[in-house]
Protein chains: 4
Amino acid sequence: MSHNTFGHLFRVTTWGESHGAALGCVVDGCPPGIRFTLAEIQAELDKRRPGQSRFVTQRREADEVKVLSGFVMDDDGETMITTGTPVSMMIENTDQRSKDYGEIARQYRPGHADYTYDTKYGIRDYRGGGRSSARETAARVAAGALARKIVPGLSVRGALVAMGDKTIDRANWNWGFIGDAENPFFTPDPASVAIFSDYLDGIRKAGSSVGALIEIVAEGVPAGLGAPVYAKLDQDIASNLMSINAVKGVEIGDGFETARMTGEENADEMRMGNDGKPFFMSNHAGGILGGISTGQPVVSRFAVKPTSSILTPRRSVDVDGNDVDIRTKGRHDPCVGIRAVPIGEAMVACAIADHYLRHRGQTGRIA
Amino acid sequence: MSHNTFGHLFRVTTWGESHGAALGCVVDGCPPGIRFTLAEIQAELDKRRPGQSRFVTQRREADEVKVLSGFVMDDDGETMITTGTPVSMMIENTDQRSKDYGEIARQYRPGHADYTYDTKYGIRDYRGGGRSSARETAARVAAGALARKIVPGLSVRGALVAMGDKTIDRANWNWGFIGDAENPFFTPDPASVAIFSDYLDGIRKAGSSVGALIEIVAEGVPAGLGAPVYAKLDQDIASNLMSINAVKGVEIGDGFETARMTGEENADEMRMGNDGKPFFMSNHAGGILGGISTGQPVVSRFAVKPTSSILTPRRSVDVDGNDVDIRTKGRHDPCVGIRAVPIGEAMVACAIADHYLRHRGQTGRIA
Amino acid sequence: MSHNTFGHLFRVTTWGESHGAALGCVVDGCPPGIRFTLAEIQAELDKRRPGQSRFVTQRREADEVKVLSGFVMDDDGETMITTGTPVSMMIENTDQRSKDYGEIARQYRPGHADYTYDTKYGIRDYRGGGRSSARETAARVAAGALARKIVPGLSVRGALVAMGDKTIDRANWNWGFIGDAENPFFTPDPASVAIFSDYLDGIRKAGSSVGALIEIVAEGVPAGLGAPVYAKLDQDIASNLMSINAVKGVEIGDGFETARMTGEENADEMRMGNDGKPFFMSNHAGGILGGISTGQPVVSRFAVKPTSSILTPRRSVDVDGNDVDIRTKGRHDPCVGIRAVPIGEAMVACAIADHYLRHRGQTGRIA
Amino acid sequence: MSHNTFGHLFRVTTWGESHGAALGCVVDGCPPGIRFTLAEIQAELDKRRPGQSRFVTQRREADEVKVLSGFVMDDDGETMITTGTPVSMMIENTDQRSKDYGEIARQYRPGHADYTYDTKYGIRDYRGGGRSSARETAARVAAGALARKIVPGLSVRGALVAMGDKTIDRANWNWGFIGDAENPFFTPDPASVAIFSDYLDGIRKAGSSVGALIEIVAEGVPAGLGAPVYAKLDQDIASNLMSINAVKGVEIGDGFETARMTGEENADEMRMGNDGKPFFMSNHAGGILGGISTGQPVVSRFAVKPTSSILTPRRSVDVDGNDVDIRTKGRHDPCVGIRAVPIGEAMVACAIADHYLRHRGQTGRIA
């Protein structure tokens, strides 16, 4: 049992607060012989780094990752090869503006964990949200960069598909557009950039914030991962995604829409392909049946609530039991859902890597 | 690690298939001194028992639970008191109609786990869905009946809030109506019974099926349960609910709706109460902030897909690689979501009981 | 986490007390396709069954095991094939003499867990030792019978090598003699039978008891099982053996003797064999180096304390705080170490099976 | 499940190799509000630091620990207070002499894990023993320093009680002598220093090595910690101790001696004390009955094999399948058991802290 670990055979433990010396993760159970470079890990981290557009927090963190253990360097001096021992990765906190936390230290910001932390622990590191800081997710992304390498041929990609009441047009879906310099939103729909920009500029200037909907698609997931009951692949993906800050809902495949569907609409029919292998004619199930992957793309979606830090004063109380009105100043993302895209990818990749190893362990049916 | 266990300090392992000798669960970690009666456990099981209305499967199972270990009998000969050792509960399978499984044994039913089981394990108990049978959930309900007793003052209640395209009127919400003899749907809205009845009769007669939306409300949850990162209370509730058969989506509080909200709309403001304690003025968060309970009702919702077994022929393949058309005869629930209500309650109760013990263990801040 | 489970991928949960309705185990994570018969499981159980000679308790239990889940029956109607789902096994308690537990219920027997149970739980099932009954080990032996089948070519055999101050002559070691009808002691030394018989008859007639030393040898363990630090194969064997009732010490290979040895004496030298494979010239390490199996026999040994139930009065206290003198009547083993032999075998087999699956999961280096 | 973690509620994950950038640990589950100073942690580490006498390796490591997360600094600027989030501690590797590992890289040193690493992982960090380096134990000692603070009034002390064929005189036992500047052996017997010195000088000059026996005594352990079956306190102590490098045997209380004892000799009798509380008249059981602590001192002992690195040539093979003779030069401890004393203390402290939290979680019977 652990409060700060996820996964079983591919097992990630993260540590660190926003304003301490550093944060990081220990990846235990990584198979030996996995080849990676520091640049690859860093590239994943850079996706979620703050300060890259006016739509995300202007806090500037280099977010430079160090790999402290668990590898030998290949002769090229660049490729690291895992040895099967724990891979410890660390990111030092460099931008810790000294400031007066006086008010935050004593007030419970609505929508934040301030009140619940104090209730649970009787003590709280109020600087930057402590353990609940979005910075903690850097450790997940680093772990996810390794996880992507475990399953041969695996691809895990994410996209922002809605922001507030604006939704992408799926007809325009273009994975290639994500990562484009003109795309600060991880949207797969080029036509949505102008719409989201205008919308979010309005939100940002009003000192407000807005929620978002993210979709993660994993391709190359072999059939057979997961288990029928309490190690369902969808269950562990849901658990991993729900563990991301501000996430309030998770769904697989057609998700909540299935509550409104009939059995005929929901069934993914099958036929034999010309290659002599069965194939599915649709993917309402999101690539998972009975908790076990079908070999189709594994599709999940999660809802991120609006950033709780807003300029509009909200009513609250302080630690001394006084009513207070709180206006959260500072450098905040108007839509924290944007930077949740690479985090969602990482969490899905970790779930799949773990189940790949578990499946291999129990059944021996994959190499 | 385990494929058939959930929870950590309140830990439930279930076993058994639909058509074997029996199924059951082992509850490990139950505190000593918990008092319960067999009748209480049975009452929970009876809620999800088949054959109680024309809207659920006509398969008849007594579903009689036996408690095999982990208790001493009080002098009254009726009250069982837990001793802190594992509580093993068993339900024998009594209605195992012998029938010819010839076709089912060799065909992959769309929407079922047949294909994925064979892919994963290379072997499959095709009788009655094997481990994926809805009967497995009886063991969860039995465990949940114990879980309800762990946290003093805890109440966990569930309701069906939508079926297909029909939705209850929340203005009519009446917890007392659930359990009413005239209410075969676990709906809290008396006015919805006629609507759901007509709708589901149509579905049933057409040999079709439909999905549903279930809401679980836990009251009396002390503030402080959960943890900031990977032992979030909402995460474990989501994981537990997603582990129920046919569940494709889970949300907490305002859930997916938060993706469309602004920070102002989403904030749950606080004020000091006349009793000198802080209170929340709304509950968009569903009783959980930063992964930790606030003391408000913990509200979760999950989507159940339509029963996959329908009379309309669907295209599929068989184990020999032939195209086949499958029409699933037999005694099936037209809306499996109905009987998911007590199962959802049990899974939420188990998550809360586990976190109660974990919180007590780590912090010692509750008795 | 669990209080009643051991193993990770091959995971055993046991439940049940001496005097309840039944006891049993759930084996989770057993690979699919393992073939076994009920007779094989029963044969292992029969080894530890009471009542087989005058040297073990005369309590008579059929100890008949039922397999309730996790298999399909092969066409021969006898061979069971695991499906990868949990294997639940149960043994009903049949010989529960009704008797007056008045004194035992209120007195703390020296050497027993009576006092610690009450201190821990505040409640205690005093009948037959409750959860600490030697009967609990029947569940382990049943699980071990399955575990033996996981690793191809594995053989796990145990022997009693000392009883009180009597020791076998290792020069006479004959595995074939164990199981012989003339051998009530699991001794590998035929010459020791007369010695042990005389010795133990004296102990038994005096109402006394005596300790024993057991050795377990596992052959056919592939090299590579275990891990360098906290999943050492020797660590998990030690943990499993120490979990057996009355065990007070565990050692691997030369064990405690190594504290007295020099580096030269302790080193297991290697050479290349004629078959082109390296071989070890000795096995002081007991088949494990750095926590990982070498491919040599894995040798462990454990000490079993004398049975605490003796006829000689011992000083103690009762639950009301009175000084009392206790004389434990009833049917007890004068040397509980004898029946510990098959239990030790089972626990070692379970540890090896678990590590075999873990090794396959992480590295994929065995099929 | 994890290969590099131990404990459940007080959970320690270690990472790092001898010759990488750093090594460390993450302590998850530490209760909030535990007060400690860096100096206290460092003091524990200094106990096991190399280079302090001619009897331990002359490798010089500052072994300076940094605490990276999980605390807030008290106003005194010195006292750290845990917040309940993970405590990450790191020790940088400073003395990494660059040297030619050519031979070691390709040869399997007898008694080392070289061969088993290669067999398991197919890859190996041969520098300094990689993950099996004694340096890994620094992380355990750091975690143990925190563990000591969890249980109010707990004291965990260790002593070397035998080295090779030399044994202390228990009549001279003086805890105060351990830590004395004139005592390089952690022996509690002042008279033994001269004996051990002469003996070990001979061993050292011969390029040989020798084993040792260590005893750990934990006082102030409340009654009630542990569980009857697979979470026995003695089992987890045994597991923790056996996970230390070079440990080949573990025993509790009278340990292996109990195999030779009768029930009369082994029984710890009880009487009511003048304070109205029961007390034990002896402690053969080592403070644990039925897996649960009695309130007496918890006594464990472990055997450390002789250091495998010796100057006398030993026969072995290399990775290419050639017979080779190996003479291990370099800075090695002639008796690695000496520095095992603080490590053993740490591992016992961690086991007790974990069980304290688990007991509180399940039963709520301690504050």
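Before reading on, note that the structure itself is shown above.
Residues numbered from 1 in each chain as written. Chains lettered and ligands numbered in written order. Predicted model: local features only at pLDDT ≥ 70, side-chain atom pairs only at ≥ 80, totals over all residues. Heavy atoms only, no water.

Engineer: I'd like to hear about the interface of chain D and chain A, residue by residue, with values.
Structural biologist: Contacts between the two partners involve 37 residues from chain D and, on the opposite side, 38 residues from chain A. Counting the surface lost from both chain D and chain A, the interface buries some 2900 Å², and carbon and sulfur atoms represent 63% of this. Where chain D packs against chain A, one counts eight residue pairs in polar contact (both at pLDDT 80 or more). Taken together, the elements giving at least two residues each to the side of chain D that touches chain A come down to strand E2 (11-16), strand E3 (22-28), strand E6 (71-73), strand E7 (79-82) and strand E8 (87-92) of chain D. (Contact = heavy atoms within 4.5 Å. Buried area = accessible area lost by both parts, 1.4 Å probe. Polar contact = N/O pair within 3.5 Å; in protein donor to acceptor, adjacent residues only side chain to side chain. Helix = DSSP H or I, 4+ residues; strand = E, 2+ residues; numbered from the N terminus.)

Engineer: Mind laying out the sheet that holds strand E17 (residues 298-304) of chain B, listing which residues take part and the relevant values?
Structural biologist: Sheet architecture is open: 10 strands sit in the order E10(A)-E9(A)-E11(A)-E17(A)-E12(A)-E12(B)-E17(B)-E11(B)-E9(B)-E10(B), paired in antiparallel fashion. Two strands lie at the open edges of the sheet, namely strand E10 (166-167) of chain A together with strand E10 (166-167) of chain B, each paired on one side alone. As defined by bridge partners, strand E12 (residues 247-252) of chain A adjoins strand E12 (residues 247-252) of chain B across three bridges and the pair is classed as antiparallel. Bridge assignment links Val-250 of chain A to a residue of E12 of chain B, and that residue is Val-250 of chain B. (Pairing = 2+ DSSP bridges.)

Engineer: Talk me through the pairing of strand E2 (residues 11-16) of chain A; I want residue IDs and the actual numbers.
Structural biologist: Moving residue by residue along a regular strand, the side chains alternate between the two faces of the sheet. All names here are of chain A. Along E2, six of the six residues are buried, which leaves the element largely enclosed by surrounding structure. Neither face of E2 is open: one carries Arg-11, Thr-13 and Trp-15, the other Val-12, Thr-14 and Gly-16, and all of them are buried. Adjacent in sequence and paired antiparallel, strand E1 (residues 5-6) and E2 are bridged by four residues, among which Gly-7 carries a positive phi angle near 90°. Sheet analysis places E2 next to strand E3 (residues 22-28), joined by six bridges and oriented antiparallel. When the bridges of E3 are listed, Thr-13 appears paired with Val-26. Between the end of E2 and the start of E3, which pair antiparallel, lie five residues. (Buried < 20%, exposed > 50% of the residue type's maximum accessible area, 1.4 Å probe, protein only.)

Engineer: Kindly report on helix H4 (residues 136-147) of chain A, identifying the contributing residues and their values.
Structural biologist: Residue and element names in this part refer to chain A. Here H4 spans 17 Å end to end across 12 residues, near enough to the 16 Å set by a 1.5 Å rise per residue. Among the 12 residues in H4, 12 count as buried, and that is most of the element. Buried within H4 are the following residues: Glu-136, Thr-137, Ala-138, Ala-139, Arg-140, Val-141, Ala-142, Ala-143, Gly-144, Ala-145, Leu-146 and Ala-147. (Expected span 1.5 Å × (residues − 1).)

Engineer: Give me helix H5 (residues 192-205) of chain D: which residues, what numbers.
Structural biologist: Residue and element names in this part refer to chain D. In this model, H5 (14 residues) spans 20 Å end to end at C-alpha, consistent with the 20 Å of a helix rising 1.5 Å per residue. Among all positions in H5, only Ser-192, Val-193, Phe-196, Ser-197, Tyr-199, Leu-200, Asp-201 and Ile-203 are buried. Looking at the buried side of H5, the elements it contacts are strand E9 (155-163) and strand E10 (166-167). Gly-207 sits one or two positions beyond H5 and adopts a positive phi of about 70°.

Engineer: Provide a residue-level description of empty space enclosed by the protein, including the pertinent values.
Structural biologist: For the second largest cavity, the calculated volume is near 60 Å³. Along its surface, the second largest cavity is lined by Gly-263 and Ala-267 of chain A together with Arg-109, Pro-110, His-112, Ser-308, Ser-309, Ile-310, Thr-312, Arg-314, Ile-326 and Thr-328 of chain B. Partitioned by chemical class, the residues of the lining of the second largest cavity number four nonpolar, six polar and two charged. (1 Å grid on protein atoms, 1.4 Å probe; cavity = no way out; pocket = protein on both sides within 12 Å on 5 of 7 lines; lining within 4 Å. Points joined across faces, edges and corners; volume = space filled by probe spheres on them. Nonpolar A, V, L, I, M, F, W, Y, C, P; charged D, E, K, R; others polar.)

Engineer: Explain the relation of the copies chain D and chain A to me, and be specific about the residues and the numbers.
Structural biologist: Put simply, the two copies of the chain differ by a rotation about an axis and a shift along that axis. Rotating chain D by 180° about the axis while translating it 0.0 Å along that axis superimposes it on chain A, leaving an RMSD of 0.0 Å. Such a combination of turn and shift is consistent with a two-fold rotation axis. Comparing interface residues between copies, 100% of those in chain D also sit at the interface in chain A, which points to an isologous, same-surface contact. (Least-squares fit on C-alpha atoms with pLDDT ≥ 70 in both.)

Engineer: So, the relation of the copies chain B and chain A: which residues are in play, and what are the values?
Structural biologist: With an RMSD of 0.0 Å, the fit of chain B onto chain A corresponds to turning through 180° and sliding 0.0 Å along the axis. A symmetric contact is evident, with 99% of the interface residues of chain B recurring at the interface of chain A.

Engineer: Please provide a residue-by-residue account of the packing of helix H4 (residues 136-147) of chain B against helix H8 (residues 340-363) of chain B, values included.
Structural biologist: In helix packing, the relevant descriptors are the interaxial angle and the interaxial distance, both defined with respect to the helix axes. Residues and elements named next belong to chain B. Contact geometry for H4 and H8: axes closest at 8 Å, N-to-C directions at 50°. As the angle between them shows, H4 and H8 are arranged oblique. The handedness of the crossing between H4 and H8 comes out as left-handed. Together, Thr-137, Arg-140, Val-141, Ala-143, Gly-144 and Ala-147 of H4 and Pro-342, Ile-343, Ala-346, Met-347, Ala-349, Cys-350 and Ala-353 of H8 make up the contact between the two elements. (Axes fitted to C-alpha atoms, helices over the stretch in contact; angles between N-to-C directions. Parallel < 35°, antiparallel > 145°, perpendicular 65-115°, else oblique. Left-handed = near helix turned anticlockwise from the far one by under 90°.)

Engineer: Please set out the interface of chain B and chain A residue by residue, giving values where relevant.
Structural biologist: At the junction of the two partners, chain B supplies 109 residues and chain A supplies 109 residues. A buried area of about 8800 Å², summed over both sides, lies between chain B and chain A, and 59% of it is on carbon and sulfur atoms. It is Lys-120, Tyr-230 and Lys-248 of chain B that lose the most area in chain B upon contact with chain A, and together they represent 10% of the buried surface on that side. Where chain B meets chain A, there are eight salt bridges. It is helix H3 (residues 114-121) of chain B that provides the largest number of residues to the side of chain B that touches chain A, a total of seven residues. Class assignment of the residues belonging to the side of chain B that touches chain A gives a composition of 47 nonpolar, 40 polar and 22 charged. (Salt bridge = Lys/Arg side-chain N within 4 Å of Asp/Glu carboxyl O.)

Engineer: Tell me about the packing of helix H1 (residues 38-48) of chain D against helix H4 (residues 136-147) of chain D, and please be specific about residues and values.
Structural biologist: Residues and elements named next belong to chain D. Packing of H1 against H4 brings their axes to within 9 Å, and their N-to-C directions diverge by 140°. With respect to H4, the axis of H1 lies oblique. The handedness of the crossing between H1 and H4 comes out as right-handed. Here Ile-41, Glu-44, Leu-45 and Arg-48 of H1 lie close against H4, whose contacting residues are Thr-137, Ala-138, Val-141, Ala-142, Ala-145 and Leu-146. The residue makeup of the contact of H1 with H4, split by class, is seven nonpolar, one polar and two charged.

Engineer: Describe the pairing of strand E19 (residues 323-326) of chain B, listing the residues and the values that go with them.
Structural biologist: Residues and elements named next belong to chain B. Here E19 shows one buried face, formed by Val-324 and Ile-326, and one open face, formed by Asp-323 and Asp-325. Bridge analysis of strand E18 (residues 314-317) against E19 gives four bridges, and the strand direction is antiparallel. Across the sheet, the residue bridging to Arg-315 is Asp-325, located in E19. As consecutive antiparallel partners, E18 and E19 are separated by five residues, and within that stretch Gly-321 has a phi angle of approximately 85°, a positive value.

Engineer: Describe in detail the state of the cysteines, supporting the description with residues and values.
Structural biologist: Residues and elements named next belong to chain D. Scanning all chains against the criterion turns up zero disulfides over all chains. Looking at Cys-30, it has no disulfide partner, and the nearest cysteine sulfur is the one in Cys-350, 10 Å off. Residue Cys-30 is classed as buried on the basis of its relative accessible area of 0%. (Disulfide = S-S within 2.5 Å.)

Engineer: Describe in detail the packing of aromatic side chains, supporting the description with residues and values.
Structural biologist: Enumeration according to the criterion identifies 26 aromatic pairs over all chains in this entry. Seen in terms of ring centroids, Phe-6 of chain C and Tyr-230 of chain D are 4.7 Å apart; in terms of plane orientation they differ by 55°. Their pairing is tilted. Taken together, the positions of Phe-6 of chain C in strand E1 (residues 5-6) and Tyr-230 of chain D in the loop between strand E11 (212-219) and helix H6 (233-242) put the pair across two chains. Among the residues examined, Tyr-230 of chain D registers a relative accessible area of 5% and is labelled buried. Considering the side-chain rings of Tyr-117 of chain D and Tyr-121 of chain D, the 6.0 Å spacing of their centres and the 80° angle between planes classify their relative orientation as edge-to-face. One end of the pair is Tyr-117 of chain D and the other is Tyr-121 of chain D, both in helix H3 (residues 114-121) and four residues apart, which spans about a single turn. The burial state of Tyr-117 of chain D is the same as that of Tyr-121 of chain D; both residues are buried. Pairwise contacts between aromatic rings join Tyr-108 and Tyr-115 of chain A together with Phe-280 of chain B into one cluster. Across the ring face of Tyr-121 of chain A, the terminal group of Lys-120 of chain A is positioned such that the distance to the ring centre comes to 5.7 Å. (Phe/Tyr/Trp six-rings, centres within 6.5 Å; stacked < 30°, edge-to-face > 60°. Lys NZ or Arg CZ within 6 Å of the ring centre and 35° of its normal.)

Engineer: Describe the nonpolar core, with residues and values.
Structural biologist: Phe-10 of chain A, Phe-10 of chain B, Phe-10 of chain C together with Phe-10 of chain D are the most contacted members of the largest nonpolar core, which totals 357 residues. For Phe-10 of chain A, the contacting residues outside a window of four places in its chain are Val-27, Asp-28, Cys-30, Ala-143, Leu-146, Ala-147, Ile-150, Cys-350, Ala-353, Asp-354 and Leu-357 of chain A. (Core = buried A, V, L, I, M, F, W, Y, C linked by side-chain atoms within 4.5 Å.)

Engineer: Pulling in residues and values, what's your account of the pattern of salt bridges?
Structural biologist: This model, assessed by the stated rule, comprises 116 salt bridges over all chains. For Glu-40 of chain A, the salt bridge is made with Lys-149 of chain A, and the minimal N-O distance between the two is 2.8 Å. Residue Glu-40 of chain A is found in helix H1 (residues 38-47), and its partner Lys-149 of chain A is found in the loop between H4 and strand E9 (155-163); the two are separated by 109 residues along the sequence. Residue class for Glu-40 of chain A comes out partly exposed when judged on its relative accessible area of 35%. With relative accessibility at 30%, the residue Lys-149 of chain A sits in the partly exposed group. A salt bridge links Lys-166 of chain C to Asp-165 of chain C, with the shortest nitrogen-to-oxygen separation between them at 3.8 Å. Taking the relative accessible area as the measure of exposure, Lys-166 of chain C reaches 29% and is therefore partly exposed. Judged by its relative accessible area of 54%, Asp-165 of chain C is exposed. Among the ionic contacts, a cluster of salt bridges with common partners joins Glu-44, Lys-47, Arg-148 and Glu-345 of chain A.

Engineer: So, unusual backbone geometry: which residues are in play, and what are the values?
Structural biologist: Of note in the backbone geometry, Phe-186 of chain B takes a positive phi value of approximately 55° without being a glycine. Among the structural elements, Phe-186 of chain B can be located in the loop between E10 and helix H5 (192-205). The class of Phe-186 of chain B is buried, set by a relative accessible area of 13%. Residue Ala-246 of chain C is not a glycine yet carries a positive backbone phi of 75°. Within the secondary structure layout, Ala-246 of chain C lies in the loop between helix H6 (233-242) and strand E12 (247-252). Residue classification places Ala-246 of chain C among the partly exposed positions, given a relative accessible area of 23%.

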